[in-house]
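Survey of secondary and tertiary structure
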Amino acid sequence: KPGKKLAVTIATIGTSLAFLYSLYTPSFGNDTWRDVIWALQTLQTNHVSETTVRHSAYPFPMVPLTYTMISLTSGLDPLWSSVVTGFLYLIKLPLITLLLTRKLVGIDDYRGAFFLLMTPLVVIWSAGYIPQVYSLILFLTALVTQSTPVLQLPFLVSGVFGHGGVATWTILTTFALWVV
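The text that follows walks through the structure, step by step, so that each part is easy to find. The residue numbers shown here count from 1 along each chain, following its written sequence. Only residues with pLDDT of at least 70 are given local features in this predicted model, and only at 80 or more are side-chain atom pairs given and counted; all residues enter the totals for whole chains, interfaces and linings. Side-chain measures were taken over the full set of non-hydrogen atoms in the model, leaving aside hydrogen atoms and water.

Glancing now at the overall build of the protein. Tallying secondary structure elements over the protein gives 9 helices and 0 strands in all. Runs of E in the DSSP output that reach at least two residues are strands. Runs of H or I that reach at least four are helices, and both are numbered from the N terminus. Secondary structure elements in the protein, listed N-terminal to C-terminal, are α-α-α-α-α-α-α-α-α. It is over C-alpha atoms that the radius of gyration is taken, and the globule rule equals 2.2 Å times the number of residues to the power 0.38. Against the 2.2 N^0.38 benchmark of 16 Å for 180 residues, the protein shows a C-alpha radius of gyration of 17 Å, consistent with a compact globule. Across its three principal axes, the protein shows a C-alpha extent of roughly 55 × 30 × 30 Å. Whether two residues are in contact is decided by their heavy atoms, any of which lying within 4.5 Å being enough. When contacts within the protein are restricted to residue pairs at least 6 apart in sequence, long-range pairs at least 24 apart make up 68% of them. Only the protein chains shown count as covering a residue, and every accessible area follows the Shrake-Rupley method with a 1.4 Å probe. For the protein, the computed accessible surface area is about 10300 Å², with 72% contributed by carbon and sulfur atoms.

Moving on to the packing of helix 4 (residues 78-105) against helix 6 (residues 120-127). Geometry is summarised by axes, namely lines fitted to C-alpha atoms with helices restricted to the contacting stretch, and by angles between N-to-C directions that run from 0 to 180 degrees. It is at 7 Å that the axes of helix 4 and helix 6 come closest, and there the two elements cross at 145 degrees. By crossing handedness, the relation of helix 4 to helix 6 is classed as right-handed. In this structure, helix 4 contributes Gly86, Tyr89, Leu90 and Leu93 to the contact, and helix 6 contributes Val122, Val123, Trp125 and Ser126. Asp, Glu, Lys and Arg are counted as charged, while Ala, Val, Leu, Ile, Met, Phe, Trp, Tyr, Cys and Pro are counted as nonpolar; the rest, among them Gly, fall into the polar class. Among the residues making up the contact of helix 4 with helix 6, the classes are represented as 6 nonpolar, 2 polar and no charged. Left-handed describes a crossing whose near helix is turned anticlockwise from the far helix by less than a right angle; the clockwise case is right-handed.

Moving on: the packing of helix 2 (residues 30-45) against helix 4. The geometry of helix 2 relative to helix 4 is characterised by a closest axis approach of 9 Å and an angle of 130 degrees between their N-to-C directions. Here helix 2 is positioned oblique relative to helix 4, judged by the angle of their axes. Handedness of the helix 2/helix 4 crossing: right-handed. Of helix 4, the residues touching helix 2 (which contributes Thr32, Trp33, Val36, Ala39, Leu40 and Leu43) are Pro78, Leu79 and Ser82. Class assignment of the residues belonging to the contact of helix 2 with helix 4 gives a composition of 7 nonpolar, 2 polar and no charged. For classification, angles of less than 35 degrees are called roughly parallel, those exceeding 145 degrees roughly antiparallel, those between 65 and 115 degrees roughly perpendicular, and all remaining angles oblique.

Turning to the pattern of salt bridges, a few remarks are in order. Think of a salt bridge as a Lys or Arg side-chain nitrogen and an Asp or Glu carboxyl oxygen that are within 4 Å of each other. According to the stated counting rule, one finds 1 salt bridge in the structure shown. In this structure, Arg34 engages Asp35 in a salt bridge whose closest nitrogen and oxygen atoms are separated by 3.2 Å.

As a further point, take the nonpolar core. By nonpolar core we mean a set of buried residues, namely Ala, Val, Leu, Ile, Met, Phe, Trp, Tyr and Cys, connected to one another through side-chain atoms within 4.5 Å. Using a 1.4 Å probe on the protein chains alone, a residue whose accessible area is under 20% of its type maximum counts as buried, one over 50% counts as exposed, and one in between counts as partly exposed. Residues Tyr67, Tyr89, Leu93, Tyr129, Val133, Tyr134 and Leu140 are the most contacted members of the largest nonpolar core, which totals 24 residues. For this core, the elements supplying multiple residues, two or more each, are helix 2, helix 3 (62-74), helix 4, helix 6, helix 7 (131-144) and helix 9 (164-179). It is helix 7 that contributes the most residues to this core, 7 residues altogether. Discounting chain neighbours no more than four positions away, the residues touching Leu140 are Leu93, Ile96 and Leu100.

In this section: helix 4. One less than the residue count of a helix, multiplied by 1.5 Å, gives the span that helix is expected to have. In this model helix 4 runs 39 Å from its N-terminal to its C-terminal C-alpha over 28 residues, within 8% of the 40 Å that 1.5 Å per residue would give. Just past helix 4, the residue Gly106 takes up positive phi, approximately 75 degrees.

The subject of this paragraph is the environment of Phe155. With respect to the helices and strands, the residue Phe155 is situated in helix 8 (residues 149-162). Relative accessible area serves as the criterion here: at 24%, Phe155 is assigned to the partly exposed category. Once the C-alpha coordinates of Phe155 and Ala176 are considered, the two residues, 21 residues apart in sequence, prove to be 20 Å apart. Excluding residues that lie within four positions of it along the chain, Phe155 makes contacts with Leu138, Thr141, Ala142 and Thr145.

Here the focus is a nonpolar patch on the surface. Any residue with relative accessible area above 30% and no salt bridge may belong to a patch, with like charges joined within 9 Å and the nonpolar Val, Leu, Ile, Met, Phe, Trp and Tyr side chains within 5 Å. Judged by side-chain polarity, Phe60, Leu153, Val157 and Phe161 come together as a nonpolar surface patch covering roughly 370 Å² of accessible area. You can see Phe60 is positioned in the loop between helix 2 and helix 3. By relative accessible area, Phe60 is classed as partly exposed at 39%.

So, on to helix 2. Every α-helix carries 3.6 residues per turn, so stepping three or four residues along brings you back to the same face. Between the first and last C-alpha of helix 2 there are 22 Å, a value that for 16 residues agrees with the 22 Å anticipated at 1.5 Å per step. Looking only at helix 2, the buried set comprises Asp31, Thr32, Arg34, Asp35, Val36, Trp38, Ala39, Gln41 and Thr42. Its buried side turned inward, helix 2 meets helix 3, helix 4, helix 6 and helix 7. Backbone geometry just downstream of helix 2 places Asn46 in the positive-phi region, at approximately 70 degrees.

Structure representation (structure tokens):
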């Protein structure tokens, strides 16, 4: 029953995400603007430690540094880097969902990946790209690359630096998958 396995997998991922974001509620906008301004100041001062924007929850600002690197390599300003990152997220999330369902339950069906894009919050997070989403994408990518630890390690380390709450959730989820 491939359809039933696919539905159970998507429901499990959706329930885990709902639980995660009920504990760590995103601000839907404040994080994005803070990160864009932080990246802009990093570009102006040439070093992240010289900026005036700070947030105690993110001692190592992975998302602003991502925007800064995209800006430096592409010539775009940090706001457009945020747009590019959100667009890449919308492409990557269904792809990762497809790869995870193939890996975890052996189903090669694209419908689950498209159903995920019908969830309003998933699409909103592309416009208001937040540190939780950044870390979640990295951890899901690490699950896909599980057979290659050399590739998996950078994703896990970046995910931990991106958001501590998502890192804790990932440890619990990985432990639960290992037990099952």
